[in-house]
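# Descriptive structure summary
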Amino acid sequence: MTDNRQSLSDLASLTQAAPATTGAPAAAAEGDAPAAPTQVLPVTPLREQMLDKYGRAYATGRRKDAVARVWLKPGSGKITINGRDQEVYFARPTLRLVINQVFGITEREGQYDVVCTVKGGGLSGQAGAVKHGISQALTRFEPVLRAPVKAAGFLTRDSRTVERKKYGRAKARRSFQFSKR
């Protein structure tokens, strides 16, 4: 009985040698055809681009009690929130940093204009909602960017909310001050 064991390097040389032969039968050519689409699949997006009639991508972002409606279109990088510039609406630099995280991850700083309206919640929740909406809209405008945005965790809605107040308690968990006498 012959020894037919092969290493990975032997298999690699066999796969490289198969297309080089010109007298290969049709079955070998069909065997190579399925290998080509597997290499092409990561390049082509699985989803299609979703734009409105004005060429904008729309998405809704949510965080805590805030809801943001976001429209994204190619432009100079201007971000407008409720009719005001982002420096005016979000005065704290940390909140502006939260909004621009998506463009930093995808290396698209200054390439898109964002117009959004946000309601409810406080400034921190609103910034998180705008970030979530920008992430969703960017993946609808460029479906190829879905993988890095999802890997960063920006497409997942942060479901943490404030715990409700319970009866017999000062807040959700805090008890009233105990008095011995």
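Our subject is the structure that appears above.
Only a predicted model underlies this, so the values are computations on that prediction, with no experimental measurement involved.

Moving on to the side chain of Gln-136. By secondary structure assignment, the location of Gln-136 is in helix H6 (residues 123–141). In contact with Gln-136, not counting residues within four places along its chain, are Ala-59, Thr-60 and Leu-155.

Throughout the structure, instances matching the rule amount to three aromatic pairs. Between Tyr-58 and Trp-71, the aromatic rings sit 5.1 Å apart at their centres with planes inclined by 45°, giving tilted as the arrangement. Within this pair, whereas Tyr-58 is found in strand E1 (residues 57–63), its partner Trp-71 is found in strand E2 (residues 66–74), the two being separated by 13 residues in sequence.

Let's shift gears to the nonpolar core. Within the largest apolar cluster, 29 residues are counted, with the highest numbers of intra-cluster contacts made by Leu-72, Ile-81 and Ile-134. At the level of elements, E1, E2, strand E3 (79–81), helix H5 (93–106), strand E5 (112–119) and H6 are the ones that each hand at least two residues to this core. Ranked by residue count, the leading element in this core is H6, at seven residues.

Examined against the element boundaries, Val-70 turns out to sit in strand E2. Between the C-alpha atoms of Val-70 and Ala-57, which are 13 residues apart in sequence, the distance is 8.1 Å. Beyond its immediate stretch of four places on either side in the chain, Val-70 contacts Ala-57, Tyr-58, Ala-59, Val-114, Val-115, Cys-116, Val-130, Gly-133, Ile-134 and Ala-137.

Helical geometry: 3.6 residues make up each α-helical turn, so side chains three or four residues apart lie on a common side. A rise of 1.5 Å per residue sets the reference length of H5, with its 14 residues, at 20 Å; its end C-alpha atoms lie 20 Å apart and thus fit the reference within 8%. Maximum bend of H5: about 45°, positioned at Asn-100. Every buried residue of H5 is accounted for by Leu-95, Arg-96, Ile-99, Val-102, Phe-103 and Thr-106. Contact partners of the buried residues in H5: E2, E3, helix H4 (86–89), E5, H6 and helix H7 (146–151). Positive backbone phi, at 60°, marks Glu-107, one or two positions downstream of H5.

Parameters and conventions
- Throughout, a residue's number is its position along its own chain's written sequence, starting from 1.
- Two thresholds apply to this predicted model, a pLDDT of at least 70 for residue-level local features and 80 or more for giving and counting side-chain atom pairs, whereas whole-chain, interface and lining totals are computed over all residues.
- Each side-chain value is worked out from all heavy atoms of the structure, with water and hydrogens disregarded.
- A helix here means a DSSP run of H or I that spans at least four residues, while a strand means a run of E at least two residues long, and both kinds are numbered starting from the N terminus.
- By definition in these notes, contact holds between two residues if any of their heavy atoms fall within 4.5 Å.
- Pairing of aromatic side chains requires ring centres within 6.5 Å, counting the rings of Phe and Tyr and the six-membered ring of Trp. Pairs whose planes differ by under 30 degrees are stacked, by over 60 edge-to-face, and all others tilted.
- The definition of a nonpolar core used throughout is a set of buried Ala, Val, Leu, Ile, Met, Phe, Trp, Tyr and Cys residues joined through side-chain atoms within 4.5 Å.
- Residue exposure (1.4 Å probe, protein chains only): buried if accessible area is under 20% of the type maximum, exposed if over 50%, otherwise partly exposed.
- A helix is expected to span 1.5 Å for every residue after the first.
- The seven residues ending at a residue and the seven starting there each receive a fitted axis; the angle between those axes is the bend at that residue.

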